[in-house]
Amino acid sequence: MKSYVLTEFGKPLQTVEASTPVPHGTEVLLKTLAAGVCHSDLHIWDGYFDMGGGKHQPVADTGITTPLTMGHEIAGEVAAIGPEAKGVAPGERYVAYPWIGCGECPACRVGHENICSATARTLGIRAPGGYADYVLVPHPRYLAPLGKLNPVNAAPYACSGLTAYAALQAIGEAVYKTQPILVIGIGGLGLTCLKLLKALGGKGAVAADTDPKKREAALAAGALAAIDPNAEKPGRAATAAAGAPIAAAIDFVGSESTARLGMSAITRGGKLVIVGLFGGSITLPLPGFPFRALTIQGVMTGTLDEFKALVALAAQGKIESVPLVERNLAEADQTLQDLRAGRIIGRAVLRP
Ligand SMILES: [Zn+2]
Ligand SMILES: [Zn+2]
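Residues numbered from 1 in each chain as written. Chains lettered and ligands numbered in written order. Predicted model: local features only at pLDDT ≥ 70, side-chain atom pairs only at ≥ 80, totals over all residues. Heavy atoms only, no water.

Visitor: Just to check I follow, could you spell out the packing of aromatic side chains for this structure?
Guide: For any pair of aromatic rings, the description rests on two quantities: the centre-to-centre distance and the angle between the ring planes. In the structure shown here, the tally under the stated rule is two aromatic pairs. Aromatic side chains Tyr 97 and Phe 307 sit 5.4 Å apart centroid to centroid with 55° between the ring planes, which places their arrangement in the tilted category. Remark: Phe 307 occurs in helix 11 (residues 304-315) and Tyr 97 occurs in the loop between strand 7 (93-96) and helix 2 (106-109); sequence separation between them is 210 residues. You'll find Tyr 97 and Phe 307 in the same group, each marked buried. Through successive ring pairs, a cluster of aromatic residues spans Tyr 97, Tyr 142 and Phe 307. (Phe/Tyr/Trp six-rings, centres within 6.5 Å; stacked < 30°, edge-to-face > 60°. Helix = DSSP H or I, 4+ residues; strand = E, 2+ residues; numbered from the N terminus. Buried < 20%, exposed > 50% of the residue type's maximum accessible area, 1.4 Å probe, protein only.)

Quick look at the structure:
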């Protein structure tokens, strides 16, 4: 099989020919049908995360080492199964859950493998991923059936879709179905969030973005209104646009100004969910937390249960797709370069 491998941080991916792995135990070998290219692959490729304020954290500090086959948004067809892999058969098509934890730490034991504190086995980040003809998945439990979904549409549910879905679940169905929320930052994730909110029967969202084109895209995706966060008192503008108090805000940017906007927009008992990794820091008056009964929560991808619920919802045809750009798997390196240069509009997905 061919893999497109990061052999050295910051250097072009190398094409590596190796024998196709044989699944052991509970392992499932998937033949790659589609592999999404995520923005975080750029950080891994660079070898560091930008923590804001000019601070860099080497990815090696988080257990990421080369050689690495990246690609954590994987849809594939079962090619072979290990002798203990039950409930799957060759020829079946799935999306893989990549956020695989150790299975033993307290987070994993309550189903939060995505925030495993030990040596996580994340596909495409700490274990070989989808920029290859084949991928080994350690257990059938990490697979969600594709149904009639196109693999190219389905692959991004493993990361960008799941993150947007998990952010909504952090707010809770009881809230987003009955009260308006604020979605800050209408890039791919923000747009996905608006489409998911619609599919889930949400009350609706006010969108905030500095770019008028993105505000237009938000309205087309079903936002109740779209505001410019640079306007005067944007928190009040958001509430006025919603026509009701804003119960929660999701910040897909994660900058000082967007976090402040989220905090100022939410009503008593409200929650700010921070997803974006732009960076920075803010100070907040502490009495506001008890007086206004506020919560701030961070979200890092989502759980296996959330992933399965999301893919099932998508398989019912209930979620509108975001714009996708298809490329050949052999163009993995070029696609990363194009993504970095801002030459890709939508989500890039590689196909063998
Ligand atoms: Zn990702
Ligand atoms: Zn764990």
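Right, picking up where we left off after that structure.
Visitor: For this particular structure, what's the right way to read the coordination of the zinc ion (ligand 1)?
Guide: Metal coordination angles have textbook ideals: 109.5 degrees for a tetrahedral set of four donors and 90 or 180 degrees for an octahedral set of six. Ligation of the zinc ion (ligand 1) by protein atoms is provided by Cys 38 (SG), His 72 (NE2) and Cys 159 (SG), these donors lying 2.0 to 2.2 Å from the ion. Written as a sequence motif, the donor residues of the zinc ion (ligand 1) are C-x33-H-x86-C. Pair noted here: Cys 38 is in the loop between strand 3 (28-37) and helix 1 (39-46) and Cys 159 is in the loop between helix 3 (151-154) and helix 4 (160-171), with a separation of 121 residues, a long-range link. Like Cys 38, the residue Cys 159 is buried in the burial classification. (Donors = N, O, S within 2.8 Å, 3.2 Å for Na, K, Ca; no water.)

Visitor: Looking at this structure, I do not really get the pairing of strand 16 (residues 324-328). What am I missing?
Guide: Within a regular strand, the side chains alternate between the two sheet faces. Pairing between strand 16 and strand 17 (residues 347-351): five bridges, direction parallel. Each residue of the ladder has a partner; that of Leu 324, found in strand 17, is Arg 347. This β-α-β element, strand 16 to helix 12 (residues 332-340) to strand 17, shows right-handed connectivity. (Pairing = 2+ DSSP bridges. Right-handed = clockwise from strand over helix to strand, strands pointing away.)

Visitor: Mind showing me how you'd approach the coordination of the zinc ion (ligand 2) here?
Guide: The protein atoms that coordinate the zinc ion (ligand 2) are Cys 102 (SG), Cys 105 (SG), Cys 108 (SG) and Cys 116 (SG), at distances of 2.3 to 2.4 Å. Coordination at the zinc ion (ligand 2) is tetrahedral, judged from the four donor atoms that bind it and the angles of 103 to 117° they form at the metal. Spacing between the donor residues of the zinc ion (ligand 2) along the chain follows C-x2-C-x2-C-x7-C. On the criterion of sequence distance, the pair formed by Cys 105 in the loop between strand 7 and helix 2 and Cys 116 in the loop between helix 2 and strand 8 (134-137) is long-range, its members being 11 residues apart. The exposure class assigned to Cys 105 is buried, which follows from its relative accessible area of 8%. The buried category is assigned to Cys 116, whose relative accessible area is 13%. (Tetrahedral: all angles 85-135°; square planar, octahedral: opposite > 155°, others 65-115°.)

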